[in-house]
Amino acid sequence: MASTTSQKSNDRDPTFRNYDSSSAARYLQNRPRYPDTLIDLIVSKHTSSGGELDLVVDVGCGPGIATLSLAPHFQHAIGADPGQNMIETAKTVPSTTKSGEPIKYEVCSAEALSTLSALKELSDTGLECVDLITAATAAHWFDMPRFWGEAAKILKPGGSVIIWCYGGHRCDPNSTPNAEKLQDWFKTFEEEVISPYELPGNRLARELYVNLGLPWECLERIDDPADQGLKTLLKEFDEERFERIESSREGRISEGVAFSEFRRLDFARIKALLGTASPITRWREANKEKVAKGEVEDVLDLMVRRTKEIIEEVPEGKGRDFVESGSGMVILVVKKRK
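Conventions adopted
- Residues numbered from 1 in each chain as written.
- Predicted model: local features only at pLDDT ≥ 70, side-chain atom pairs only at ≥ 80, totals over all residues.
- Heavy atoms only, no water.
- Axes fitted to C-alpha atoms, helices over the stretch in contact; angles between N-to-C directions.
- Helix = DSSP H or I, 4+ residues; strand = E, 2+ residues; numbered from the N terminus.
- Parallel < 35°, antiparallel > 145°, perpendicular 65-115°, else oblique.
- Left-handed = near helix turned anticlockwise from the far one by under 90°.
- Contact = heavy atoms within 4.5 Å.
- Core = buried A, V, L, I, M, F, W, Y, C linked by side-chain atoms within 4.5 Å.
- Buried < 20%, exposed > 50% of the residue type's maximum accessible area, 1.4 Å probe, protein only.
- Nonpolar A, V, L, I, M, F, W, Y, C, P; charged D, E, K, R; others polar.
- Phe/Tyr/Trp six-rings, centres within 6.5 Å; stacked < 30°, edge-to-face > 60°.
- Lys NZ or Arg CZ within 6 Å of the ring centre and 35° of its normal.

Before going further, it helps to spend a moment on the packing of helix H7 (residues 179–194) against helix H13 (residues 299–311). Between H7 and H13, whose axes approach to 10 Å, the crossing angle comes to 160°. As summarised for this structure, H7 and H13 are arranged roughly antiparallel, according to the angle between their axes. Relative to H13, H7 is oriented so that their crossing is right-handed. Residues Lys181, Leu182, Trp185, Phe186, Phe189, Val193 and Ile194 of H7 touch H13, and the partners they reach there are Val299, Leu300, Leu302, Met303, Arg306, Thr307, Ile310 and Ile311.

Let us now look at the nonpolar core. Judged by nonpolar contacts, the single largest core of 45 residues is most densely connected at Phe147, Trp148, Val161, Ile163 and Tyr209. Among the elements that take part in this core, helix H6 (residues 144–154) stands out by supplying 6 residues, more than any other. Here Ile163 is in contact with Ala135, Ala139, Met144, Phe147, Trp148, Tyr209, Leu212, Val330, Ile331 and Leu332, once residues within four sequence places are set aside.

The next subject is the packing of helix H11 (residues 267–274) against H13. Describing two packed helices takes the angle between their axes plus the distance from one axis to the other. Contact geometry for H11 and H13: axes closest at 10 Å, N-to-C directions at 145°. H11 and H13 meet at a crossing whose hand is right-handed. Along the contact surface, H11 presents Phe267, Ile270, Lys271 and Leu274, while H13 presents Leu300, Asp301, Met303, Val304, Thr307, Lys308 and Ile311. Partitioned by chemical class, the residues of the contact of H11 with H13 number 7 nonpolar, 1 polar and 3 charged.

Take the packing of aromatic side chains next. By the definition in use, this model includes 7 aromatic pairs. With 5.1 Å between their ring centres and 45° between their planes, Phe142 and Phe147 make a pair best called tilted. Each of the two residues, Phe142 as well as Phe147, counts as buried. Here the aromatic rings of Trp148 and Phe237 are separated by 5.3 Å at their centres, their planes lie at 65°, and the arrangement is edge-to-face. Separated by 89 residues along the polypeptide, Trp148 in helix H6 and Phe237 in the loop between helix H10 (228–234) and strand E6 (243–246) bring together distant segments of the chain. Exposure remark for Trp148: the relative accessible area of 0% places this residue in the buried category. Put simply, the rings of Phe142, Phe147, Trp148 and Phe237 pair up and form one aromatic cluster. In this arrangement the basic side chain of Arg264 is found over the ring face of Phe322, its NZ or CZ atom lying 3.9 Å from the centre.

In short, geometric facts, not functional conclusions.
Laid out in structure tokens, this is it:
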């Protein structure tokens, strides 16, 4: 592997791409949908900077959660993911674009976007025909220099790449009983209980993509003479037009729009939601024999039990079976030069 890669191949998440059909279906059922305010903001950031609404490609789409929300804004939509069963699950969900055609789903990695056969159905070459490329809580598994190179090939001049992710778990400090102690527990759970089962990509997301690798940053990692063509491609992105949008603790951006609000989740829903996280899947795989023997408590049983104990330490938390919770979020907007 050339030195251009931002992540070694074995650092990329093996969990989602290897999901069987039942795991992919559970992921679709339990993963939260992205709020309309977020999707509207993404489309607005694209169009306000000159982007058109003909074709969107959602990369690392999984079972199509973000793709389904983006498609009605565009004439054509493609979802790409390296996981065969994720793509097969996405195809089971009824979907239409603004033009009334179904979303096209295809097994394809982020590092091979120019090979998408669906692009060639819309363009003779499949190159420079995409208006917007998105990646929803997925880019931390990409080989970013290769991804940016492929994005440059298929984006129209002036097109956009918009990447976003959630990171961290927090409780509403205003409505949660014993909130400060509970937030300390959430931090301990993430940084001590779960972190041994994280891969580098998980940490990138938890830290809200501060070190993800933007095109101009990736240029510094390319030192193989064979990759000079890739360097040329990465230079097609405009650093001066880059925008990073990060939520406040309350899930709001500077304009005051809430796109990552606190939501009421009961304990059963919390377990179902966190059960879709890849570090939780790896914890359970590594500890399944101990759990079966009763030697250790399931990691999410532990998480919920301790959460309930902390809430009930104060009178107003007695009998409560829910938490007002949320996550931080970041949106990265990158433009291709015209």
